[in-house]
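Listed here are the chains, written in short residue letters.
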Amino acid sequence: MEDEKRINRVLAYQAKQLDEIEVLDTSGIEERIATSERLLSELGYALPPNVTRGSSMQRAILRVPSWDDLCAGAEQAISYEVEIEDLFTAEELKENALAIRRLNFEYNQIHKLDKFDIAIAVAAGLLAGAVDILLVGIPQKTHDGLKAGPLSNYIRDAFDRRFPPEEMEKLANSKVSKVPFDAQDNRNTAEWVEGLSAYYHRLLSLGHDPLLGFVFGVADILTGRMTTIDKAGKFVSQVMENYADRTEADIFAALAKQVAHLKSDMTTSMGLPAPMMGLFNLLQFGSIGEYEQTVTEIVQGMYYEGYDFIHFCSMSVSAMLIEVVVRMGYAIKRIKEGSAVKDAIPISTNHEKMPKLGTMLFTAHSAATAINAGKVVFTENPMAINYPQWIAFAKYSYQQLKWGLVTRPALRDRFVLDTIDTELQGVYEDIDLLFEEVTDGRILMLPASANSL
């Protein structure tokens, strides 16, 4: 801060010195010198051969003051505090502010969606919403099993073909898939697990979660435990002594057993829960609907009615469709704008590398999520919630919020400062050229010692 004040005072001092310099009119001086030389030659006077116009018999000495000398002179000449704004006129300050606003506008334009970007994002969102309503549907229990929309039915049938129930039953009875966290009631538990039953044990046991299972399930297999969040929201991790023969000592063997067990449960009547669905057992609050149910009770009812991992995969199609449509549209547009193919590949949502992609994905997922919210309100059925779509919306909302509040202002400031720095480099180059011209043919006397800023 003190150094900045000294620099401002020195600049004010030098500006004052420049204002006091009397500007001489040197226009036509070269022509008058040439005329005088011709006149002397015509009168018979011979010009000295060793004197060249514009040169001196003695080299001038140019003394460069030290920084301390400049500061001392500035202290004597300028007795008041100098702010950087004091060095500019009101008109110059106005021009500076206008230049900054112009640079901010240029940066914002780089990241602003045009009508084609908006059209791509909105079209992707509407398409995903239509797929969710018309093709995914809402699962219902029928005499022929769980049925929903055409797409959901196709995907469920594909799972049945890939994991035939007969083969999965054999696998479930095999030792390679037996795990310690598969207790279906409290007969073999040391600590009571509220709600543990054949219907809900997969929802309560974290080892059955398609995502969390690779952490809690593998840990349970290695330690012979069962980790649950029961219907009352209580977290219980207990040793299953009756299932001690189902443990593994090697982590890779535990991973293989975890995969085999999840595979055997995939197409059962009460299949695997959706990823992280068991964590909703912690949400013991709310008074929703006609029966004033808590969030936990709503989610447990959804699982019982068929909102399982296979239906989660069916719902994921609409969210994946947005990713494909938006990213392909973004890449095609960039290529048409002249970008190289490798630069147009829309993998990253980093706003520096792909300026508009993140905003387009956020817009598309927002539209699809709004449509799904309308579907839930219209049907008054929580089974209509598109869980993967809401996860994607939450992810892109966080990224967009972080971008708008934190990242973009910092990057915009850096863009402005980099532009100013580039222009400043040009000024420095002009100063160096001017200094070379001034010191040409002169003896340059530098200070014996100079303090750096």
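What counts and how
- Residues numbered from 1 in each chain as written.
- Predicted model: local features only at pLDDT ≥ 70, side-chain atom pairs only at ≥ 80, totals over all residues.
- Heavy atoms only, no water.
- Helix = DSSP H or I, 4+ residues; strand = E, 2+ residues; numbered from the N terminus.
- Buried < 20%, exposed > 50% of the residue type's maximum accessible area, 1.4 Å probe, protein only.
- Polar contact = N/O pair within 3.5 Å; in protein donor to acceptor, adjacent residues only side chain to side chain.
- Contact = heavy atoms within 4.5 Å.
- Salt bridge = Lys/Arg side-chain N within 4 Å of Asp/Glu carboxyl O.

Before we move on, can you summarise the side chain of S264 with the specific residues and values?
Within the fold, S264 resides in helix 10 (residues 251-265). A residue is classified by how much of its surface remains accessible, and S264, at 2% relative accessible area, is buried. At a separation of 2.7 Å, a polar atom in the side chain of S264 contacts the main-chain carbonyl oxygen of H261. If near-sequence neighbours (up to four positions away) are discounted, S264 is found in contact with M168, L171, A172 and S177.

Let's hear about the pattern of salt bridges: which residues, and what values?
Pairing between side chains becomes possible if they bear opposite charge and their charged atoms approach one another. On inspection of all chains with the given rule, the structure shows 14 salt bridges. R9 is the partner of E81 in a salt bridge, and the nearest nitrogen-oxygen pair spans 3.6 Å. One end of the pair, E81, is in the loop between helix 3 (67-77) and helix 4 (90-111); the other, R9, is in helix 1 (residues 2-20), and 72 residues separate them in sequence. In this structure, R202 and D265 form a salt bridge, with 3.2 Å as the shortest nitrogen-oxygen distance. In this pair, R202 sits in helix 8 (residues 201-204) while D265 sits in helix 10, placing the two residues 63 residues apart along the sequence. Relative accessible area serves as the criterion here: at 9%, R202 is assigned to the buried category. Under the relative-accessibility criterion, D265 is labelled buried at 4%. One network of salt bridges, in which partners are shared, links D114, D117, K333, E337 and K356.

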